[in-house]
There are 2 protein chains.
Amino acid sequence: MVAIPELKTLALYSKQAARILAAASPRAKNAALLAMAHKLQTHKEALYAANRQDLEAAQAAGLSSARLDRLRLSDPVLQDLITGLQQVAAMPDPIGEIEGLQVRPNGLQVGRMRIPLGVIGFIYESRPNATVEASALSLKAGNALLLRGGKEAWQSNHALLQLLQEALLEAGLPQEAIQLVPTTDRGAIVEMCHLSGLLDLIIPRGGKELIELVQREARMPVLAHAEGVNHLFVDETADLESAVQIALNGKTQRPSTCNSLEKVLVHVAVAEQFLPLLARAMDTATVELRGDERTRQVIRIPAASGEDWQTEYLDLILTVKVVDSLDQALEHIARYGSNHTETICTNHYAHAMRFMREVDASLVLVNASPRFNDGFQLGLGAEIGISTSKLHAYGPMGVKELTTTKFVALGQGQVRD
Amino acid sequence: MVAIPELKTLALYSKQAARILAAASPRAKNAALLAMAHKLQTHKEALYAANRQDLEAAQAAGLSSARLDRLRLSDPVLQDLITGLQQVAAMPDPIGEIEGLQVRPNGLQVGRMRIPLGVIGFIYESRPNATVEASALSLKAGNALLLRGGKEAWQSNHALLQLLQEALLEAGLPQEAIQLVPTTDRGAIVEMCHLSGLLDLIIPRGGKELIELVQREARMPVLAHAEGVNHLFVDETADLESAVQIALNGKTQRPSTCNSLEKVLVHVAVAEQFLPLLARAMDTATVELRGDERTRQVIRIPAASGEDWQTEYLDLILTVKVVDSLDQALEHIARYGSNHTETICTNHYAHAMRFMREVDASLVLVNASPRFNDGFQLGLGAEIGISTSKLHAYGPMGVKELTTTKFVALGQGQVRD
């Protein structure tokens, strides 16, 4: 376990760096981003060597192939990171922009200026690519970043950090703009949560237990990136072929992601027609179905347990339930949904409008796959994750979501009456 | 101390009410707001009777006249509340509005829909008018509100709550949309902080100790309304007469408010000329000055202690320091400021721009009084307070700041490749 003063010292460096970054020119930040891209290209063998150490240790520890896959650095992964860094460099700089400047009756000019948040603590899984993506977005937004990555990515993260910090220095920016917590001990997470006055925001990405730990301990704002217990409601007027395709895409296009489909609710009026179509498609895709009693009267599948309704499988499993009405579907989603991604298939105008309006989730879709809950897909560009916290940012978080605004007022000597 | 289940039950009612409010029509919400205004008008004698009980108890307990003044309900106070309710009713309804709807290359229409936050916990001082103001803004934004007012306003708050709830019922809305925590025990604050999953936001308004308690204990987002240790920097190029007027207005226009001026930093080049002007004006207004060594070489005032630089007086006291440069002023503000309201008086273009850009405060002013940090003055309409938290809302919080947005996507069967 890292001693508290050590972590606090790191955070103090972050805070100093944040003041410099807040005033840094777009030119310097973009130069650093492009230097990062260049270094990833020219040092990829060193990165692969570090990554191999992580992969071997993870394999020995018996990690699932899905997790090994997320840990692996490869030419396509690096190329995506390089392209991403170049794209972030090419984006307009958000900092210093003044929105909605208006002249008040007394002549005072009032607007909101976009500013960085300050220091962001990012706690994430063993995905080395997240190290680069978070660094790029945080830097563009003028923030300092304190990273706490998963222990399986230890060597990879260190190798990446060295390159990122070299790039910062070459661009004349403080290397403390991006720092790595020098331990993967869980105690360090709690210590980070207590660094009030130093960290302006903590973003925890991972399982429910981690999120709850951070929410309980943190004395600063938390933007949680929690699990997705995502539903599709197939309404009585749905185009059933399209609904099957959306369910199939939602479940199988990349099952390990938080925007995958986990539950299907079917209106009783179309259950007999829809469920066999669904079963056939899912069977072909080797998806295991589980169902409630009424579903099992139509298709022969195992019974769902109470647990099933609240479980994010991240795997080829899907639970199905028959409901009597839109209201019952809304009720079920309000109870079991995790505010992540909720979808309706319908051709009924008022039902589409009610679902869109009443469901509380970071993305609500009508007649489209839940897999679209992603910064690129929704048109934000790169993202640091998908917030299921309602305040500040609800849904994919891009560069703008890592900033805030302050008020500015330009006067000529105005005082209040 | 209230038993935990009791407070939890209240919060469960709030959550149920929030679901109804989120889908309530603008017409119903506005009808409730106008009914509230009408009831304040027609039941003012009952309100004054309850308020008299509070005032007598507070007087017996030896409350300061400033605090008694904030506790008092009177015709002008009620009239302001009535006008405020009518104004909030007349404002456009923010809920359901979709911002920036764009069509993605695959035909998916993506936008952000404005939605309520859900249930808001509001912890505030003994100001009965805040009960009405917070209720009006929360209702307009479609939120349920759980109020925990100061103990000195106990009778007044109960009398007000009864009227507000009657108005809700008359408009066909659940009376649980606005509830009062049935105790002013401090333990109830901690219990509120632990109601995760029920409260979506806590807004604490008050002293440093309260804010820190809530930030430490809360497991949900907190928007702190903390103290204002507000500075005025008088630059070497400032119009000195105007600077004196701004200092005077900032300090004396309403000294008990958080946007009052507490510190003056004077550029050494104008100290000899400016300080006697400042001393004369403050003397006339019976403001006590305290100064650092260099200030005291110019004007004869008591020495400031180390404490003085970080104290919010809320009283007719002002601390003065001589600095060598803009950089030294920025350094001092970064160290001692409380991210509330910071002002520069200057005629130097680059200094104005740097100050505006580099100072981290909810409002940064050039050549105007800090007293403008107020929702009405900045053009937002009514406010529930001034947030010194950077995320979500930084500065005055109006109706819009009590909402958030979710993503909505309207498709025609789109799936991801």
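Residues numbered from 1 in each chain as written. Chains lettered and ligands numbered in written order. Predicted model: local features only at pLDDT ≥ 70, side-chain atom pairs only at ≥ 80, totals over all residues.

1. Side note on the overall build of chain A
- If you tally the helices and strands in chain A, you get 15 helices and 15 strands.
- Taking all 417 residues of chain A together, the buried fraction comes to 54%.
- The long-range fraction of contacts in chain A, counting pairs at least 24 apart against all pairs at least 6 apart in sequence, stands at 72%. (Helix = DSSP H or I, 4+ residues; strand = E, 2+ residues; numbered from the N terminus. Buried ≥ 20, exposed ≤ 12 C-beta atoms within 10 Å, placed from the backbone. Contact = placed C-beta atoms within 7 Å.)

2. Details of the interface of chain B and chain A
- If you look at the interface, chain B gives 59 residues, while chain A gives 60 residues.
- For the side of chain B that touches chain A, a count of residues per class yields 25 nonpolar, 22 polar and twelve charged. (Nonpolar A, V, L, I, M, F, W, Y, C, P; charged D, E, K, R; others polar.)

3. Some points on helix H2 (residues 26–42) of chain B
- Its 17 residues give H2 of chain B an end-to-end C-alpha distance of 24 Å, which sits within 8% of 24 Å, the value for a rise of 1.5 Å per residue.
- Regarding H2 of chain B, the residues found buried are Lys29, Asn30, Ala32, Leu33, Ala35, Met36, Ala37, Lys39 and Leu40 of chain B. (Expected span 1.5 Å × (residues − 1).)

4. Things to note about the pairing of strand E15 (residues 403–414) of chain A
- In terms of strand pairing, strand E2 (residues 109–116) of chain A meets E15 of chain A through eight bridges, oriented antiparallel. Across the sheet, residue arginine 114 of chain A finds its bridge partner in E15 of chain A, namely threonine 405 of chain A.
- In this structure, E15 of chain A lies alongside strand E12 (residues 363–368) of chain B, joined through five bridges in parallel fashion. The residue of E12 of chain B that forms the bridge with phenylalanine 407 of chain A is leucine 363 of chain B. (Pairing = 2+ DSSP bridges.)

5. Quick look at the sheet that holds E15 of chain A
- If you trace the nine strands from one edge of the open sheet to the other, you get E1(A)-E2(A)-E15(A)-E12(B)-E11(B)-E7(B)-E8(B)-E10(B)-E9(B), paired in mixed fashion. Two strands close off the open sheet at either side, each with one partner strand: strand E1 (98–103) of chain A together with strand E9 (288–291) of chain B. Within the sheet, the average angular offset between the axes of one strand and its neighbour, ignoring direction, is 20°.
- The strands touched by helix H14 (residues 349–358) of chain B are E15 of chain A together with strand E11 (341–345) and E12 of chain B; relative to E12 of chain B, the strand with the most contacts, the crossing angle is about 155°. (Axes fitted to C-alpha atoms, helices over the stretch in contact; angles between N-to-C directions.)

6. A few points about the packing of helix H2 (residues 26–42) of chain A against helix H6 (residues 128–140) of chain A
Residue and element names in this part refer to chain A.
- Interhelical geometry of H2 versus H6 gives an angle of 165° and a closest axis separation of 10 Å. Classed by the angle they form, the pair H2 and H6 counts as roughly antiparallel. Considering only the axes of H2 and H6, their crossing is left-handed. In contact with Lys29, Ala32 and Leu33 of H2, H6 contributes Ala136, Leu139 and Lys140.
- A breakdown of the residues in the contact of H2 with H6 according to their chemical character gives four nonpolar, no polar and two charged. (Parallel < 35°, antiparallel > 145°, perpendicular 65-115°, else oblique. Left-handed = near helix turned anticlockwise from the far one by under 90°.)

7. Brief notes about the sheet that holds strand E5 (residues 178–180) of chain B
All names here are of chain B.
- Spatial strand order, E5-E4-E3-E6: four strands in an open sheet with parallel pairing. Of all the strands in the sheet, just E5 and strand E6 (201–204) have a single pairing partner and so form its edges. Going from strand to strand, the sheet's axes swing by 20° on average, the running direction of each strand aside.
- Pairing geometry for strand E3 (residues 119–123) and E6, over four bridges, is parallel. Counterpart to isoleucine 123 in the pairing with E6 is proline 204.
- On the sheet, helix H9 (residues 208–217) packs against E3 and E6 and is oriented at approximately 165° with respect to E6.

8. Points about the nonpolar core
- In this structure, Leu199 and Ile202 of chain A together with Met36, Leu199 and Ile202 of chain B are the most contacted members of the largest nonpolar core, which totals 155 residues.
- Every residue in contact with leucine 199 of chain B, bar those within four places of it in the chain, is listed here: Ala11, Val119, Gly121, Leu146, Met192 and Met220 of chain B. (Core = buried A, V, L, I, M, F, W, Y, C linked by C-beta atoms within 7 Å.)

9. Let's talk about the packing of helix H3 (residues 44–60) of chain A against helix H7 (residues 154–170) of chain A
Residues and elements named next belong to chain A.
- Here H3 crosses H7 at 160°, and the two axes come no closer than 7 Å. In this view, H3 runs roughly antiparallel relative to H7, as classed from their interaxial angle. The element H3 and its partner H7 pack so that their crossing is right-handed. Only Trp154, Gln155, Ser156, His158, Ala159 and Leu160 of H7 make contact with H3, whose side of the interface consists of Ala46, Leu47, Ala50, Asn51, Gln53 and Asp54.

10. What about the environment of aspartate 80 of chain A?
- Mapped onto the elements of the fold, aspartate 80 of chain A is located in helix H5 (residues 75–90).
- When the C-alpha positions of aspartate 80 of chain A and asparagine 129 of chain A are compared, they lie 9.1 Å apart, and in sequence the two are 49 residues distant.

11. A closer look at the domain arrangement of chain A
All names here are of chain A.
- Each assigned domain of chain A is listed here: domain 1 (4–226 + 388–410) and domain 2 (231–378).
- Contact with domain 1, which involves seven residues of that partner, is made by ten residues of domain 2.
- Considered class by class, the residues forming the side of domain 1 that touches domain 2 number four nonpolar, three polar and no charged. (Domains from an automatic or database assignment.)

12. Considerations on the relation of the copies chain B and chain A
- For the pair chain B and chain A, the best superposition has an RMSD of 0.0 Å and corresponds to a rotation of 180° with a translation of 0.0 Å parallel to the axis. Look at the turn and shift together and you get a two-fold axis relating the two. Proximity to the rotation axis, assessed at the C-alpha, singles out histidine 392 of chain B in chain B; its C-alpha lies 2.0 Å from the axis.
- An overlap of 100% is found between the interface residues of chain B and their copies at the interface of chain A, pointing to a shared contact surface. (Least-squares fit on C-alpha atoms with pLDDT ≥ 70 in both.)

13. A look at the environment of histidine 43 of chain B
- Tracing the backbone shows histidine 43 of chain B in the loop between H2 and helix H3 (44–60).
- Sequence separation of histidine 43 of chain B and leucine 210 of chain B is 167 residues, and the distance between their C-alpha atoms is 33 Å.

14. With respect to the environment of serine 338 of chain A
All names here are of chain A.
- Along the chain, the position of serine 338 falls in the loop between helix H13 (326–336) and strand E11 (341–345).
- For serine 338 and serine 362, which are 24 residues apart along the polypeptide, the C-alpha to C-alpha distance reads 9.4 Å.
- Once residues within four sequence positions are removed from consideration, serine 338 is found in contact with Ala226, Glu227, Gly228, Val229 and Thr388.

15. Notes on H5 of chain A
- Taking 1.5 Å of rise per residue, 16 residues should cover 22 Å, and H5 of chain A covers 22 Å from first to last C-alpha, within 8% of that figure.
- Of the surrounding elements, those touching the buried residues of H5 of chain A are H2, H3 and H6 of chain A.

16. Thoughts on unusual backbone geometry
- For threonine 286 of chain A, which is not a glycine, the phi torsion comes out positive at approximately 55°.
- Counting through the fold element by element, threonine 286 of chain A comes out in the loop between helix H11 (268–284) and strand E9 (288–291).
- The exposure class of threonine 286 of chain A is exposed, given the 8 C-beta atoms found within 10 Å.
- Phi at histidine 392 of chain B takes a positive value of approximately 70°, unusual for a residue other than glycine.
- As for its position among the elements, histidine 392 of chain B is in the loop between strand E13 (385–387) and strand E14 (395–397).

17. A few points about the pairing of strand E10 (residues 317–323) of chain B
Residues and elements named next belong to chain B.
- When you tally the buried positions in E10, you get six out of seven residues, the bulk of the element.
- Looking at chain direction, strand E8 (residues 263–267) and E10 are connected through five bridges and run parallel. Directly across from valine 266, in E10, lies its bridge partner valine 322.
- In the sheet, E9 pairs with E10 via four bridges, with the strands oriented parallel. If you follow glycine 291 over to E10, its bridge partner there is valine 320.

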